[in-house]
Amino acid sequence: MASSGEEPRSGSPNRAGSGAEPPPTADAAQLDTTEDFEVLEEEEEEEEDLSELPPLEDVGRPPAPPREDTQPAGEAAEDPQEWVDVLGSGLLKKKTLVPGQGVDTRPRKGQDVTIRLEARLEDGSVVEEDPALTFTLGDCDVLQALDLCVQLLEMGETALIQSDAKYCYGLQGRSPDIPPNAALTLEVELLAARDGPDLELLSGKEKVELANRKRERGNFFYQQADYVLAINSYDIALKVISSSSKVDFSPEEEAELLDVKVKCLNNLAASQLKLDHYEAALKSCNLVLEHQPGNIKALFRKGKVLAQQGEYREAIPILKAALKLEPSNKTIHAELSKLVKKHADQRSLETEMYRKMLGNPSAASTPGKCKDKLPWSIPWKWLFGATAIALGGVALSVVIAARN
């Protein structure tokens, strides 16, 4: 799975935890044109200007401690050390340059870690430098290469990490400095590790900020077409929002948390739909509609899920409800028209099948020459009238005979 950083910042290089927005893939291009309802939430709301949101590593970043006795990377690299094949595939390797303080000092998943980072391309050019990058270990907030390897570092250890593009910026790279499918060499020093924040003690504002950062990370993975990691990030955001709290929230903070929750559920449904996880997507849509019955995105996606399951009779009224809320939406029009045609074809097929089961083939299948098989046949209306007259005559004869 290709992994990359957070949302882009215009005009300046991006950190490993904040990655640049990739060039649009075929799927992403489709989202921006015909598939309006796959566009993620922040693209439609003014308050969701991603350029204004702080990336994860900018939050609560402590100053980097002085590094007086660290051996230069060039000299340390000459010291022959064993490369550790982290995944056993040769695509991700780690080598210690400066030993750390012992195995017991390794960070744990869920902790907030701070590292010094330098990233270089295979030609030696530096594309990333951060003296104190902070992120939550194991939450996929940064490059997968970092998420997988930092947990193997001891406190104070400096290491080289050689990573295939698969665990860095993938097939798309990062414009303009990291080309597509580029391997990276990362020099990393573990500076600090501390337990993550207690969710029960976070204020409403802090919860909103944390959940939004996780959601934005999910949006990044969605645009990379890495729907599994997108789902992971949306799930983490929802856990933050749904966690119990010992702090009272204002009505405004409650409303903000609900808004973020709805966005996460909508985007979660979109990712699940991409993976054909229809039951899970349907559940996500229904959770949105419990809070906002008129949410057009949730109605649209629920209609699509039901259509994918062949439930055309249920899907059509849901799409009609969405269209009623937004009559000018061409995407709903197109989906509804396509669905109505499929439903008509399905009904026609079922009708024909029932006719064959009952031994009553359609009129179209009856040979035309059968109509002329009996040229002397008498029209049934005339025959019925003649029969009635004959019966009437017999009855009259009986009455006359009785009188005589």
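Reading the values: rules and limits
Residues numbered from 1 in each chain as written. Predicted model: local features only at pLDDT ≥ 70, side-chain atom pairs only at ≥ 80, totals over all residues. Heavy atoms only, no water. Helix = DSSP H or I, 4+ residues; strand = E, 2+ residues; numbered from the N terminus. Contact = heavy atoms within 4.5 Å. Areas by Shrake-Rupley, 256 points an atom, 1.4 Å probe, with all protein chains shown as cover. Pairing = 2+ DSSP bridges. Salt bridge = Lys/Arg side-chain N within 4 Å of Asp/Glu carboxyl O. Buried < 20%, exposed > 50% of the residue type's maximum accessible area, 1.4 Å probe, protein only. Axes fitted to C-alpha atoms, helices over the stretch in contact; angles between N-to-C directions. Parallel < 35°, antiparallel > 145°, perpendicular 65-115°, else oblique. Nonpolar A, V, L, I, M, F, W, Y, C, P; charged D, E, K, R; others polar. Phe/Tyr/Trp six-rings, centres within 6.5 Å; stacked < 30°, edge-to-face > 60°. Lys NZ or Arg CZ within 6 Å of the ring centre and 35° of its normal. Expected span 1.5 Å × (residues − 1). Polar contact = N/O pair within 3.5 Å; in protein donor to acceptor, adjacent residues only side chain to side chain.

A. Spatial organisation of the overall build of the protein chain. Along the backbone of the protein chain there are 11 helices and six strands. Partitioning the intrachain contacts of the protein chain with sequence separation of at least 6 by distance along the chain shows that 69% fall at a separation of at least 24. When the accessible area of the protein chain is evaluated, it comes to approximately 21700 Å², of which 55% is carbon and sulfur surface.

B. Spatial organisation of the sheet that holds strand 3 (residues 112-120). Read across the sheet, six strands follow the order 1-2-5-6-3-4 without closing on themselves; strand pairing throughout is antiparallel. The sheet terminates laterally at strand 1 (84-85) and strand 4 (126-136), the two strands that pair on one side only. Bridge analysis of strand 2 (residues 92-98) against strand 5 (residues 158-163) gives six bridges, and the strand direction is antiparallel. Its bridge partner lying in strand 5, Leu92 is registered against Ser163.

C. View of the environment of Ser233. Positionally, Ser233 belongs in helix 5 (residues 227-242). Excluding residues within four positions of it along the chain, Ser233 makes contact with Lys214, Arg217, Gly218 and Phe221.

D. Geometry of unusual backbone geometry. A cis amide bond links Ser175 with the next residue in sequence, Pro176, at an omega value of 5 degrees. Structurally, Pro176 can be placed in the loop between strand 5 and strand 6 (184-194). Phi is positive for Asp276, which is not a glycine, with a value near 65 degrees.

E. Representation of the pattern of salt bridges. According to the stated counting rule, one finds 13 salt bridges in the structure shown. For Arg174, the salt bridge identified is with Asp177, shortest N-O distance 2.5 Å. Arg174 sits in the buried class, given a relative accessible area of 1%. Among the residues examined, Asp177 registers a relative accessible area of 25% and is labelled partly exposed. For Lys338, the salt bridge is made with Glu335, and the minimal N-O distance between the two is 3.5 Å. Separated by three residues within a single helix, Lys338 and Glu335 lie in helix 10 (residues 330-357), roughly one turn from each other. Among the residues examined, Lys338 registers a relative accessible area of 43% and is labelled partly exposed. In this structure Glu335 comes out as buried when scored by relative accessible area, which is 10%.

F. Up close: the packing of helix 4 (residues 204-223) against helix 5. Remark: helix 4 packs on helix 5, axes separated minimally by 7 Å, with the N-to-C direction vectors making an angle of 170 degrees. On the basis of their axis angle, the class for helix 4 and helix 5 is roughly antiparallel. Residues Lys207, Leu210, Ala211, Lys214, Arg215, Arg217, Gly218, Asn219, Phe221 and Tyr222 of helix 4 lie in contact with helix 5, whose contacting residues are Tyr227, Leu229, Ala230, Ser233, Tyr234, Ile236, Ala237, Val240 and Ile241. Residues belonging to the contact of helix 4 with helix 5 are distributed by class as follows: 12 nonpolar, three polar and four charged.

G. Region of interest: the packing of aromatic side chains. Considering all chains together, one arrives at two aromatic pairs under this definition. Centre to centre, the rings of Phe220 and Phe221 are 6.1 Å apart; their planes meet at 65 degrees, and the pair counts as edge-to-face. The two residues Phe220 and Phe221 agree in class, both being buried. Ring geometry for Tyr222 and Tyr227: centres 5.3 Å apart, planes at 70 degrees, overall edge-to-face. For the pair Tyr222 and Tyr227, one class covers both residues: buried. The ring of Trp83 carries Lys93 above its face, with NZ or CZ at 5.7 Å from the centroid.

H. Structural view of helix 8 (residues 296-308). Relative to the 18 Å expected for 13 residues at 1.5 Å per residue, helix 8 spans 18 Å between its end C-alpha atoms, a close match to the ideal helical length. In terms of residue burial, helix 8 counts as a mostly covered element, since 12 of its 13 residues are buried. Among the residues of helix 8, those classed as buried are Ile296, Lys297, Ala298, Leu299, Phe300, Arg301, Lys302, Gly303, Lys304, Val305, Leu306 and Ala307. Measuring from the side-chain oxygen of the N-cap residue of helix 8 to the backbone nitrogen of Lys297 gives 3.2 Å; that N-cap residue is Asn295. Where helix 8 ends, the next residue or the one after it, Gly310, has phi of about 80 degrees, a positive value.

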